[in-house]
Amino acid sequence: MHCISMQDRHQNVAVGKIVCVARNYAEHARELGNPVPDSAVLFIKPAGTIVADGGTVLIPSYSSDCHHEIELAVLIGRTGKAIAEAEALDFVAGFGVALDLTLRDVQAGLKAKGLPWEIAKAFDTSCPLSAFVPAAAVADPQRLRLRLLVNGEVRQEGTTADMLRPVARLISEASTYFTLEAGDILLTGTPSGVGPIRNGDRLEATIEGVGTLRVDVRQC
Ligand code: ZN
């Protein structure tokens, strides 16, 4: 069982599934040459992909182009199916900082063949995740600044105000396909500026008012 911690409450939460959305910021969709989608493009990482703050990311040997994607993580606090957008934020237990690490070379090959993305998105250590702050500690999840440093250099900077689908809409849409349960996590997409990470890099991802996540990188 994989657990994450809730700050201030000194409790651990068992993680279920991690539901992720692609192309949720227009600038990022553009930088990869993708159209802005009509409905959310969703995929799932298993809980075993989580790396805690201070841990090490292992880029698998079948890739030489692993990209960083800083994302706001949303912890679900109770079970819901087909959740109405107006009630969706009531299902949120907390917020955290995540990296949706992506093997861009492998993903490009899969996309070209029309194949699923799992081996590019859900490899071991592909989901570094900070501790979570309680939902009540975040006044407005659509007004948060995100910043990712690689070896101290700014690579991604953005605001959750630029999400194409805000958190409430994502919860509503994701829950039409998948029952969301306590301990499930939503990754909400990345702003522009994605790029490669390499052996020996140190990543520092910060979302103001939520937290900071630091991991090291090793190429296998
Ligand atoms: Zn992502």
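Check the entry above for the structure.
Residues numbered from 1 in each chain as written. Predicted model: local features only at pLDDT ≥ 70, side-chain atom pairs only at ≥ 80, totals over all residues. Heavy atoms only, no water.

(A) Seen up close, the pairing of strand β14 (residues 153–159). Two elements, strand β13 (residues 145–150) and β14, share six bridges in a ladder whose sense is antiparallel. Residue pairing for β14: Leu146 is matched across the bridge by Gly158. (Pairing = 2+ DSSP bridges. Helix = DSSP H or I, 4+ residues; strand = E, 2+ residues; numbered from the N terminus.)

(B) Inspection of the coordination of the zinc ion at higher detail. Only Glu69 (OE), Glu71 (OE) and Asp100 (OD) from the protein reach the zinc ion as donors, at distances of 1.9 to 2.1 Å. Motif for the zinc ion, donor spacing along one chain: E-x1-E-x28-D. Of the two residues, Glu69 and Glu71, neither departs from the other in class, the shared state being buried. (Donors = N, O, S within 2.8 Å, 3.2 Å for Na, K, Ca; no water. Buried < 20%, exposed > 50% of the residue type's maximum accessible area, 1.4 Å probe, protein only.)

(C) Main features of the packing of aromatic side chains. For the structure shown, the criterion picks out two aromatic pairs. Their ring planes at 55 degrees and their centres at 6.3 Å tell us that Tyr177 and Phe178 sit as a pair that is tilted. Classification of Tyr177 by relative accessible area gives partly exposed; the value is 47%. Over the face of the ring belonging to Phe91 we find Arg78, whose NZ or CZ atom lies 3.9 Å from the ring centre. (Phe/Tyr/Trp six-rings, centres within 6.5 Å; stacked < 30°, edge-to-face > 60°. Lys NZ or Arg CZ within 6 Å of the ring centre and 35° of its normal.)

(D) Up close: the nonpolar core. Core analysis: the largest hydrophobic core is formed by 48 residues, its most contacted members being Phe95, Leu99, Ile171 and Val210. If one sorts the elements of this core by residue count, helix α4 (residues 167–177) sits on top with five residues. When sequence neighbours within four positions are dropped, the list of residues in contact with Ile171 reads Val74, Ile76, Ile83, Ala88, Val92, Leu180 and Leu186. One finds Val15, Ala47, Ala98 and Cys127 within the second-largest nonpolar core, a separate group that totals 20 residues. (Core = buried A, V, L, I, M, F, W, Y, C linked by side-chain atoms within 4.5 Å. Contact = heavy atoms within 4.5 Å.)

(E) Representation of the pairing of strand β18 (residues 211–219) within the structure. Taken together, the four bridges between strand β6 (residues 56–59) and β18 define a ladder with parallel strand orientation. Along β18, the bridge assignment pairs Thr56 with Asp216. Where strand β17 (residues 202–207) and β18 come together, six bridges link them in antiparallel fashion. Bridge pairing in β18 places Glu204 opposite Arg214.

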